[in-house]
Every structure is written in structure tokens, then in C-alpha cells.
Amino acid sequence: MKQRFLCILPLCFFPLLVYSQTTLTGTVKNKQGESLIVNVTVQAKGSNTIAGFTMSDSEGKYSLTYKGTADSLVLTASGVSAGKHSRIVPNRPGQVDFSIEEKVMELKEVTVTAAPIRRTGDTLNYSVGAYTGKNDRTIEDVLKKLPGITVNESGAISYNKIPINKFYIEDIDLLQGRYGIATKNVEAKDVATVQVLENHQPIKALAGKAFSESAAINLKLKNSAKGKLILTALAGAGYEPVIWNAELVSMYFTAGKQNMGTYKGNNAGRDINTEIQAHYDYDYVSPIDISLLSIAMPSTPPVNKKRYLDNITHSVTENHLLKIGKDKDKELTVNAVYYNEQQEKEGYSLSEQFLPGNTSVRIEEDVESRTKTNSLELALKLNSNVKDKYFNNLLNIKQGWNSDRGTGITRSNVGDMDETMSQYLYRPSLSVGNNLEMIKNIGNKSYRIFFSTTYSHRPHHLTVTPAGFFGNSHIASLEQTVISDDFSAQIKTSYGLKIKNINMDYGFWGSVDVRGMDTRLTGTDTLGRYVPAADSLKNDLWYNTYQIGVNQNYTFTNNGKFKASLAIPVINYTLTQNDRIPDKFTAYNRWIINPSLTTSYDLTHDLTVSTGGSFRKNYGNMDDAYTGYIMHSYLSLLRNTVDRLFEPRSGGASASLQYRDAFRAVFFNIGVNYGKSWKNLLYGFDYKGIMQVKTTIDQPTESENYGIGFDGSKGFSFWRTTLRVSGGYNESAGEHLIQDNILKYGSESYRAGASIDMTPSSFLNLNYNMGWSQSRSFSKDLPERFPSIRSQNHTASVWLNPARRISINVSGDYRYNSAVDNRNITFFDTRMRYKNGPAEWELECNNLFNVREYVSASYTDLSTYFYRYNLRPRSFLLSVRFKLK
């Protein structure tokens, strides 16, 4: 596997390196030495075709790349107040400075078409108007068309395959990571430009000292959208069943104040949760918010959620930012989110686990479930972000009242089980946290302090009825209680010094994490009497970690083309485990060094090579420390049996080649990665009846994975077309422990995808997406049972605009899975829009063919899994959207 991977790697990079490029840099100033912002173009001498375009920045600096074989080039600086000035230079890299006498350029009456993409330094400017179609309502609709930018199903935005680290509206981060509120509600017609800020460092005091490979998105609004209240509403109703949809959105944007408020509700299968999902929250150290308990639920299908989401949802958000202080250099931000949802699921599943000795455990489940989500989150932030000083304080409070209920029939070949099961899980949670960070630059030195505290409380209760599967016919029901309390505090200090091209940062830090877990597995017998938990079914565990460390970070840059960052943290790690049921106290102390190195080199202004590598050690995990049984679900009873500290290690390396040519609207990223992990303990499962019981043996184990992937996009002026391609290969290997047998496993997968969006005329828009994958999981110690699984998906959409006020859409979605008998499934939808003044009416029909089930399967040489999920029926929804103000 490794040899094949290493042979492919050079072939992937070589074709991208064999072309000629010339990078020209310089400044543009007037005779008085003042910097000018002008257009700078380059073309081959004797040619009328512009081969490169940029704009000088506020300091008059520019950088421009020419690709071609001409001997001489014509470099031109022009502007309305600067006139037009050209110079002939040889085709070789160098610096060309302009010192010009300003004069007014006489302009003839012409029609100007803005370039779709412009580059100014490290900023790309996408003209929204160049990509907006008649039926693109929100800015997310346009973002999905921009070359180099991708928006996934959750709403997360990436630039050239790397997730963005900030989302701004008029250079202000109002939404603090929940930028779906903006992308799904700000109308495309209100945005002039989408800016991509490459290598964006959000903290201005760290600019030039701490480098970032991530980009940020900034929306530049039209003047008509600034300084006024925008209020829109939507109301809709339909059938089958009786469905409804409602929205109310307000927004207000000025230089000193921003506000966005939303209400959204529906029972029509619209997934509102993606709108309020936080895609980055670097200011907040979030406590662990995962329940150890769960109920059996139907597996959801890999299709658009509107096909199956059976919901009643309400969501309210309020986001307010105010610039305060004498110089308006401080920002006070309040973000509040309330989310209420009831979601029902219905489906069937059949799983079979193959065991050594030609036996198996087969479990059938016919399940209906209902999940109720009720959560409230409030964040209050005070921030000052200027060149030499940074202050940030964030208070975050989150309360949840969530529950899951499930009923169904469970059958198994073990003991001829045929039971009607009832499950109920109540999982409330509370968390409070505060983070404070300050940075001060004095000359070439930087001083930094960070302090955070968090507390969380999670009393979770799971009830299962009946409980005959537990092996005791006198038990009628079981109740598992898990009460978790976590408190953590962290303080970091650092001192930074810059000497020539090297930034050195040294810091001391310490952290305390105190975690308590109290669990009880109790029951009720067939006579209604309470059955207390035996000691083997209880836990009273305090799991505390104390860390003290020294951070060393070294950053080197060479004229901005080569960057390298080396981190060498040295940590003293102390772990204490107080297991009160067996009255056992254990303490461990370890030294940890977790080095990491990243580099990037700009081969040209458009082409960058990046590499990275790291090695990490960890010690302990609370999930591996409790010794009393916990019923995680009615199919899973787990505890830890090996009295040793879990000591995993991992290392990895990656390399990527990134290409971004704004002038030609070409973006490409190809990357490879390798990872390996070592563990001193091997975990697995035994089966006692239908229940999985965790087993652990004192056995070192290794696993490794390889991967290669690429993503590319190209924009064409022809029919306003955007083309995207992607693909990848992954391979992994490791070991399983099943019924005390160690089995080697492996997996490999291939994927490929492509999409095209084009607008041949104002009357027609076409969109097509396809994806293909093939995967195989196998055991190297067992005979191969099954072939590879192949899957495909194809979606197509056509917008027709037969009249100025009327739009008609027809879309289709085809799915293929080779693992099931019914391998093909097709959905069709249609909608019609009619605009009448400020109102827009829409009639929508989903699932035109009334497909009622989705069937899928997966398998390995160790297990098989088949499921069937009930879908939403054909439905019609009539809605009206209008502006109130």
C-alpha cells in the first residue's frame, strides 16, 4: 500500500510545475512620493490581449504574474486621476516602480463590464452581479457559484478546500461563527462584492507574527442596503399532511452598529439547524457536551433532509453589535439563540455480526422515535482589535432540555428474542464559560495572557422496558443514571520577540480539569418493586488532570514567499483517578513533548506548496477509566477491566499544492496525507445475548491511513459557467478485537465528483451535480464475503423564465447503491414563482413520484447492516415572501 501511494505522489504534482511564469512587483507613486491606487495590467508586447490584472494597494504596492513566452512585456498603470502610463520591460521577474505625474484621463462614453474576479494583494474581489442569476435569492445561492469557494450541506464555507476562519459583513464579525444566519437571509441583490481575505490573521496585533493558511469572507454591501432597516416575512401552507412554513427576518447595517434578528418555523421538512450552526468559535473553550447514553433510532438516509425530516421546528435568533469607546475601536456583541424542535423517525434495520467459529448475532429492529430539542444559548462579548493592542472577553451560557423516546419491536436469533421495546432518555445540560485574552505590542515585543473557566452539569437518565434481554426474567425495567459535572480552568502567558525574519514566542501555561461522574443502573421487578444497583453496576469516579507547560513557537518568513512555523510545547501532565466504589486512588505523572511543523512556499503569486507534520502523545480518558457497568443503550453494556493507563500516540504528515489564478478564475488544490497511531491497549466487544460488552486486553496495537484528494474549479465568461471537479483515494489498516480474537482489518475507498452551473440566457439556468464512490472494508484473517460497494448520485435542476415575473423550476435526484436489491431511486420536484410588486409567490411540489421508502445497506467481512427509512409523502406548499420595510 505504501509503495503504491509514494509512486502516485510525484505524478500528481509534476504537471503543475512545468510552465513559465513571471512575477512583477513594484510601487505606484506620484511626483510628490504619495501612494496611488490604480489599475495595473500586463500584456505581451505587440498583443492587444491583457494577460494579467491587479490593483495597487493603499501603500501603492502591486504584484502581477504573467504566464507566457513573450520576450518583452508592456506594463501599464492607469487611473481616472492618474492617467495612463506604460513601460516596456523584459520578460523576467523584477521590480518596476512608477513615478507619475497625475492628470485627469479623458473618458469616452463606454459601457463597462466589471471583471468577475479582481485581485488586490491578498484580497480577491468577486463581483456578485457577475454571478447572480434571476432566481438567486440569497447570497448563499451566489457563493455556491463562485470559483474557488465551496458551501457544503451544513452551510460551512471553504476557500480552495480550506475552511474559512472568519465571516464578516462590512468588516465586522457580527454572527461569531453562525454565519448561516447571514448567508441564508442576506439577499444577493444587496451585496456588491464578496471578498476573500487570503492568509487571514483575525487578530491585528499578531499580523506578521502568527501566520494563517485560512481565508476569511467579507461581504461588501451596496449603499442602498446600508443605514436602513430591512424587514422581510414569509408565510406558507400546504398539504400532505397539513404543513406550514413561516419566517420573519430583520437586519440593519451601519459602520457603528449592526443587527440581525430571525424567527423561522415549519413542519415541512426544512432543516433550520444548519442556519444556526457555529462553524468557528475560537473565542470559546467549549465543555464536553456528549451523552454516554442513547436510544435505538432509525438510521437516516444520505439524501436531502427535506425528503425525510418529519419535524415541528421553531428558531429565534438575535444578534446585535455596537461600536463603543471614544474612538469607536471597541465592539460589544450580544448573540442569543433559542431552538425548539420535535423530530419523528420511523424505520427498519437488520444487522448481523459475524463471530469466530462460523456463528453470528443477528438483530432486527422496527423502530419509531421522537426527539425533542429545547435549547437556549446566550453569548456576550467585548472586543478591541487594533494594531498594537488586543482585548477580548466572552461570556457564554447554554441550557438544554432534550429528550428521546423510542418504541419498536426487536427480534434476534439469540434466544429467539421477539420483544416490544420502550426507551426513554432525558438529557438536560447546563454550561457556563468565560474567556479573557489580552495582547500588547511594545516595539518588536509582544505580551499575551489568556484565562478561561468553564463549568457544565449533565444529569442524564435512560429507561428501558422490558428488561428480559438483561438475563433476569424478574426485572421489568432498567434505569441508567449518569450525572456528570465538569470544571476546567486554563491560564496562558506568552512573550514574543521579533528579530529580523524570525518571530519567537515563549509562554508558560497551566490548566486544571476536574470531572466527576456518578452512575447507577437500577431496576424495577415484575411486582413493581425497586431493585437497587449492585456495586458492579455503580460508579462514583473523580477524574482530574493538572497540566503545566512551556510553549515554544518559532516563525520564519522570507519576503513573504517562504513561511515556516515550529511549535515545541513541553508539558508536565498529572492525572488522578479516585474510584470511590472500590475505594481506589491512582495517580500518574508524565512528561509530554508534542512538536509540530508547518511550511509554505509561494512558487509564484498563484502557486503555493504547503507541508505539515506533527507528533502527539495523550494520556488517559475518562471513558476508559470507569470500572462499573454502564448501560449505554439497551444493546450496549460497557465497563473497563484493565488496570492500566491508556497511552495513545499519533503522528502524521501532509502536503498540498494550491493554485489560484483570479484573472483566469482557476482554483485548484491537491493534497496528500499520512497518519499512524499507536495504542498500548486494544479495545473490543464480546456478545452476551444481544448486548455488546466491552473488553480490553493489554495488547499494543497500531493503525495507519493514507489519502490523496483534489478539488478544482474554473469560471468561464461563456454562459456564465462555473465548473467543479473533485476526487480522492483513502486506505486504512488496523486491528479489531471480537470475542477475544484479534482480527486485522483494512478498508479502501475511491471518490469522484463534478458539477456545472451555467446560464445560457436570462431565460434559462442549468445546474448538474454528480458523485461516484466505491468502498470496501475487509478482514485480512477471514475469507472475503462481499464485493466492493459502489454508489452514485446525480442531481439536475433547470430554471425557466418564460416571462419577466414568472419562473419555473424542475429538478431531479437519482441515487444508486450496489449493496441492495432495489439499487435505484429517483426523486422529482417542481416549483413555480410569481413576482407581483414587493411580493413573491411560490408553489412548490416535493417528491412528485411519491417515493415512500429509502433502502440502503453496507457490509464488511465482519458484519452487515441493512436499513429502510420511511420518507415524507408527496406534498404541495404555497408560500408568499414579501418585504415589510
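Preceding this section is the structure that the text describes.
Residues numbered from 1 in each chain as written. Predicted model: local features only at pLDDT ≥ 70, side-chain atom pairs only at ≥ 80, totals over all residues. Heavy atoms only, no water.

Student: Report on the overall build of the protein chain, specifying residues and quantitative values.
Tutor: Along the backbone of the protein chain there are five helices and 51 strands. Its C-alpha atoms give the protein chain a radius of gyration of 30 Å, within 12% of the compact-globule value 29 Å for 885 residues. Over its C-alpha atoms, taken along the principal directions, the protein chain stretches across nearly 100 × 65 × 60 Å. A total of 885 residues make up the protein chain; the buried ones form 47% of that total. Summarising the internal contacts of the protein chain: among those between residues at least 6 apart in sequence, 65% fall at separations of at least 24. When the accessible area of the protein chain is evaluated, it comes to approximately 41,700 Å², of which 55% is carbon and sulfur surface. (Helix = DSSP H or I, 4+ residues; strand = E, 2+ residues; numbered from the N terminus. Rg over C-alpha atoms; globule rule 2.2 N^0.38 Å. Buried < 20%, exposed > 50% of the residue type's maximum accessible area, 1.4 Å probe, protein only. Contact = heavy atoms within 4.5 Å. Areas by Shrake-Rupley, 256 points an atom, 1.4 Å probe, with all protein chains shown as cover.)

Student: Go over the packing of aromatic side chains with me, naming the residues and quoting the values.
Tutor: Using the criterion set out here, one finds 19 aromatic pairs in the structure. Between Tyr348 and Phe866, the aromatic rings sit 6.3 Å apart at their centres with planes inclined by 70°, giving edge-to-face as the arrangement. Of the two residues, Tyr348 is situated in strand β21 (residues 330-355) and Phe866 in strand β50 (residues 863-870); the sequence distance between them amounts to 518 residues. Overall, the relative accessible area of 27% leaves Phe866 in the partly exposed class. Connected via pairs of aromatic rings, a cluster forms that spans Phe167, Tyr179 and Tyr280. Over the ring of Phe98 we find Arg87; its NZ or CZ atom is 5.8 Å from the centre of that ring. Directly above the ring of Phe450 sits Lys492, whose terminal nitrogen or CZ lies 5.7 Å from the centroid. (Phe/Tyr/Trp six-rings, centres within 6.5 Å; stacked < 30°, edge-to-face > 60°. Lys NZ or Arg CZ within 6 Å of the ring centre and 35° of its normal.)

Student: Kindly report on a positive patch on the surface, identifying the contributing residues and their values.
Tutor: A surface patch of like charges, here positive, comprises Lys134, Arg804, Arg805 and Lys835. Locating Arg804 in the fold gives a position in the loop between β45 (789-803) and β46 (806-817). What makes Arg804 exposed here is its relative accessible area of 67%. (Patch = residues over 30% accessible without salt bridge, like charges linked within 9 Å, V, L, I, M, F, W, Y side chains within 5 Å. Salt bridge = Lys/Arg side-chain N within 4 Å of Asp/Glu carboxyl O. Lys, Arg positive; Asp, Glu negative; His and termini not counted. Charge placed at Lys NZ, Arg CZ, Asp CG, Glu CD.)

Student: Requested: an account of the nonpolar core, with residues and values cited.
Tutor: Counting 47 residues, the largest nonpolar core has Leu293, Leu462, Met517, Ile630, Met631, Tyr634 and Ile690 as its most contacted members. Filtering out sequence-adjacent residues up to four positions away, Met631 remains in contact with Leu293, Leu462, Val464, Leu478, Gln480, Leu521, Ser636 and Leu637. (Core = buried A, V, L, I, M, F, W, Y, C linked by side-chain atoms within 4.5 Å.)

Student: Could you give an account of the sheet that holds strand β13 (residues 162-163), with specific residues and numbers?
Tutor: Taken in spatial order, the three strands make up an open sheet running β11-β12-β13, and their pairing is antiparallel. Two strands close off the open sheet at either side, each with one partner strand: β11 (149-151) and β13. Relative to β13, strand β12 (residues 157-159) runs antiparallel, the two being bridged by two bridges. Among the inter-strand pairings, Tyr159 is bridged to a residue of β13, identified as Ile162. (Pairing = 2+ DSSP bridges.)

Student: Could you give an account of the side chain of Asp757, with specific residues and numbers?
Tutor: Structurally, the position occupied by Asp757 is in strand β43 (residues 741-761). A polar contact is formed between the side chain of Asp757 and the side chain of Asn765, at a distance of 3.5 Å. Not counting the four nearest positions on each side in its chain, Asp757 is found in contact with Lys145, Arg720, Thr721, Thr722, Asn765, Leu766 and Asn767. (Polar contact = N/O pair within 3.5 Å; in protein donor to acceptor, adjacent residues only side chain to side chain.)

Student: Describe empty space enclosed by the protein, and please don't skip the residues or the numbers.
Tutor: As enumerated under the stated definition, the model contains eight cavities of 30 Å³ or more in all. Counted as a void, the largest cavity has a volume near 160 Å³. Lining the largest cavity are 15 residues, and of these Phe53, Thr65, Asp606, Asp661 and Phe663 sit closest to its centre. Of all the elements in the fold, those that place two or more residues in the lining of the largest cavity are β3 (52-55) and β4 (61-67). For the lining of the largest cavity, the element with the highest residue contribution is β4, accounting for four residues. In the lining of the largest cavity, the residues fall into five nonpolar, five polar and five charged. (1 Å grid on protein atoms, 1.4 Å probe; cavity = no way out; pocket = protein on both sides within 12 Å on 5 of 7 lines; lining within 4 Å. Points joined across faces, edges and corners; volume = space filled by probe spheres on them. Nonpolar A, V, L, I, M, F, W, Y, C, P; charged D, E, K, R; others polar.)

Student: Which residues make up the pattern of salt bridges, and what values go with them?
Tutor: In total, this model carries 44 salt bridges according to the counting rule given. For Glu140, the salt bridge goes to Lys144, with nearest N and O atoms at 3.9 Å. On the basis of relative accessible area, Glu140 is assigned to the buried category, the value being 8%. Judged by relative accessible area, Lys144 falls into the partly exposed class, the value being 43%. The shortest N-O distance in the salt bridge between Glu853 and Arg868 comes to 3.4 Å.

Student: Explain a nonpolar patch on the surface residue by residue, including any values.
Tutor: A contiguous nonpolar patch, built from Leu322, Leu332, Leu378, Leu380, Leu395, Ile397 and Val432 and spanning about 470 Å² of accessible area, is present on the exposed surface. Every element with two or more residues in the nonpolar patch is listed here: β22 (359-385) and β23 (389-412). Its location among the elements puts Val432 in strand β24 (residues 417-442). Given the relative accessible area of 32%, Val432 is considered partly exposed.

Student: Any chance you could break down the pairing of strand β32 (residues 584-593) for me, citing the residues and the numbers?
Tutor: Across 10 bridges, strand β31 (residues 570-579) lies against β32 in antiparallel orientation. Its bridge partner being in β32, Asp579 is matched across the sheet by Lys584.

Student: Describe unusual backbone geometry, naming the residues involved and giving the relevant values.
Tutor: Glu240 connects to Pro241 through a cis peptide bond whose omega is -5°. For Pro241, the position within the fold is in the loop between β17 (230-239) and β18 (243-253). Of note, the amide linkage connecting Thr465 to Pro466 takes the cis form, showing an omega dihedral of -10°. Tracing the backbone shows Pro466 in the loop between β25 (445-465) and β26 (475-499). Phi angles above zero are rare outside glycine, and Trp719 is one such case at about 55°.

Student: How would you sum up the sheet that holds strand β15 (residues 191-197)? Please name residues and give values.
Tutor: A sheet is described by the order of its strands in space; here five strands give the open sequence β9-β10-β15-β16-β14, paired in mixed fashion. Single-partner strands in this sheet number two, and they are β9 (117-120) and β14 (166-169). Each strand of the sheet is rotated relative to its neighbour by a mean of 20°, with strand direction disregarded. With four bridges joining them, β14 and strand β16 (residues 216-221) adopt parallel strand pairing. Considered in β16, the bridge of Ile169 is made with Leu219. (Axes fitted to C-alpha atoms, helices over the stretch in contact; angles between N-to-C directions.)

Student: Please provide a residue-by-residue account of the pairing of strand β10 (residues 123-127), values included.
Tutor: Most of β10 is tucked away: five of the five residues are buried. Covered by surrounding structure in β10 are Thr123, Asn125 and Ser127 together with Leu124 and Tyr126, the residues of both alternating faces. For β9 and β10, the ladder comprises four bridges, and the chain directions are antiparallel. From the neighbouring strand, Arg119 faces β10, where its bridge partner is Leu124. The pairing of β10 with β15 spans five bridges and is antiparallel. Bridged to Asn125 within β15 is Gln195.

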